[in-house]
Amino acid sequence: MTQHNMGMGYQALAQWGIEPEQSLALSIAALLEAVQLRKEQKDALGYFTSQNSLGMSYQALAQWGVEPQKNLTLSIEALTMAAQLGNEQQNKSGYASSKKGLGVSYHALAQQGIESEKNIKLAIAAVQETTRIGKEQENMVDYAAAQNTLGVLYKTLADEGVEFEQNLALAIEALKESVGLWKKEKNGASGHAMAQNNLGLIYQALADRGIDPDQNRKLAEQALQESRAPHAPVKK
């Protein structure tokens, strides 16, 4: 078994809840070796794949509460390198995957209270790249999911007190796009419900701030009702 496969196997064990901290530490050790070996062997795709997986293992370890600041920083370093490799190799799907992971790690750092505004903005920039690639490749599921994430991040930035109305307007724009895309997907029920729920929360936040409260409460109620309604895909 290659070091990369070992790393992925330990990562899977952690996902199944089997000694997650130990499994992720073993995953990271194996993937660090895989990165070095594949770099030396000039295996471009393999080097990218192991680098990206390494970033995700550091991220998962942080999510289990193990030295979150340190492991999120290591995750960002690994995923930044992976994104650079993916871009150089014109591996658009891989590049988008790395950028998606970066969005998660930057957001998690912000949630730790570490340079919140800066890290949310970095998360937004990363996810914007994911949406760009998803749209360019006509991968509507990934595009819809990324637009939902973008909406949540804009709301998070507004909650930090940064250009409240402007960022909520951007959140609404992203979430409406996500809702419209999920409506067209046969298996889009959970994504549609999530985007509608997030949209409702934003309209409610505007109403609570005293911004056109009657209209925004009405829109919030409509969105939340839509989030609970049965999913009936519309024709594309």
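Each remark here, short or long, concerns the structure printed above.
This report concerns the structure included in the present document. Since this is a predicted model, take the numbers as computed values, not measurements. (Residues numbered from 1 in each chain as written. Predicted model: local features only at pLDDT ≥ 70, side-chain atom pairs only at ≥ 80, totals over all residues. Heavy atoms only, no water.)

**A few points about the overall build of the protein**
Each helix and strand counted, the protein has 10 helices and zero strands in total. When the helices and strands of the protein are read in sequence order from the N terminus, they spell out α-α-α-α-α-α-α-α-α-α. The C-alpha radius of gyration of the protein comes to 19 Å, within 12% of the 18 Å expected for a compact globule of 236 residues. For the C-alpha atoms alone, the extent of the protein along its principal axes is close to 60 × 40 × 35 Å. Of all 236 residues assigned to the protein, the portion counted as buried reaches 47%. Counting contacts in the protein only where the partners sit at least 6 residues apart, residues at least 24 apart contribute 62% of the total. (Helix = DSSP H or I, 4+ residues; strand = E, 2+ residues; numbered from the N terminus. Rg over C-alpha atoms; globule rule 2.2 N^0.38 Å. Buried < 20%, exposed > 50% of the residue type's maximum accessible area, 1.4 Å probe, protein only. Contact = heavy atoms within 4.5 Å.)

**Let's talk about the packing of aromatic side chains**
Counting across every chain of the model gives zero aromatic pairs. Looking at Arg209, its charged tip hangs above the ring of Phe164, at a distance of 3.7 Å from the centre. (Phe/Tyr/Trp six-rings, centres within 6.5 Å; stacked < 30°, edge-to-face > 60°. Lys NZ or Arg CZ within 6 Å of the ring centre and 35° of its normal.)

**Comments concerning the packing of helix α9 (residues 189-208) against helix α10 (residues 213-228)**
Think of two packed helices as two axes; the pair is described by the angle between the axes and how far apart they sit. With their axes 7 Å apart at the nearest point, α9 and α10 run at an angle of 165° to one another. Classified by the interaxial angle, the pair formed by α9 and α10 is roughly antiparallel. Judged by the twist between their axes, the crossing of α9 over α10 is left-handed. Residues His192, Ala193, Gln196, Asn197, Leu199, Gly200, Tyr203, Gln204, Leu206 and Ala207 of α9 form the contact with α10, whose own contacting residues are Pro213, Asn216, Arg217, Leu219, Ala220, Ala223, Leu224, Glu226 and Ser227. Residues of the contact of α9 with α10, tallied by class, amount to 10 nonpolar, seven polar and two charged. (Axes fitted to C-alpha atoms, helices over the stretch in contact; angles between N-to-C directions. Parallel < 35°, antiparallel > 145°, perpendicular 65-115°, else oblique. Left-handed = near helix turned anticlockwise from the far one by under 90°. Nonpolar A, V, L, I, M, F, W, Y, C, P; charged D, E, K, R; others polar.)

**Thoughts on the nonpolar core**
A general trend in soluble globular proteins is that nonpolar side chains are found buried together. Of all hydrophobic cores here, the largest spans 45 residues; its most connected members are Leu102, Ile124, Leu150, Leu168, Ile172, Leu199 and Ile202. For this core, the secondary-structure elements that each account for two or more residues are α4 (68-88), α5 (92-111), α6 (116-136), α7 (140-159), α8 (164-183), α9 and α10. In terms of residue count, α8 provides more of this core than any other element does, nine residues in total. Setting aside residues no more than four positions away along its own chain, Ile124 makes contact with Leu150, Leu153, Tyr154 and Leu157. Formed by 15 residues, the second largest nonpolar core is a distinct cluster that contains Ala14, Leu31, Val35 and Ala82. (Core = buried A, V, L, I, M, F, W, Y, C linked by side-chain atoms within 4.5 Å.)

**So, unusual backbone geometry**
Notably, Glu19 is not glycine yet its phi reads approximately 40°, a positive angle. Counting through the fold element by element, Glu19 comes out in the loop between α1 (3-15) and α2 (20-40). A positive phi angle is found at Glu67, which is not glycine, with a value near 35°. Along the chain, Glu67 turns up in the loop between α3 (44-63) and α4.

**Quick look at the pattern of salt bridges**
Under the criterion given, the structure shown has eight salt bridges. Among the salt bridges present, the one from Asp43 reaches Arg38, with a minimum N-O distance of 3.9 Å. Overlapping salt bridges bring together Lys92, Glu129, Arg132 and Glu136 as one network. (Salt bridge = Lys/Arg side-chain N within 4 Å of Asp/Glu carboxyl O.)

**With respect to the environment of Tyr203**
By the element assignment, Tyr203 lies in helix α9. In this structure Tyr203 comes out as buried when scored by relative accessible area, which is 7%. Remark: the alpha-carbon pair of Tyr203 and Asn216, spanning 13 residues in sequence, is separated by 5.1 Å.

**Describing α6**
An ideal rise of 1.5 Å per residue puts 30 Å on 21 residues; α6 measures up with 30 Å between its terminal C-alpha atoms. Among all positions of α6, only Ser116, Asn119, Ile120, Ala123, Ile124, Ala126, Val127, Glu129, Thr130, Thr131, Ile133 and Gly134 are buried. Considering only its buried residues, α6 is in contact with α5 and α7. After α6 finishes, the residue Glu138 shows a positive phi value of roughly 55°. (Expected span 1.5 Å × (residues − 1).)

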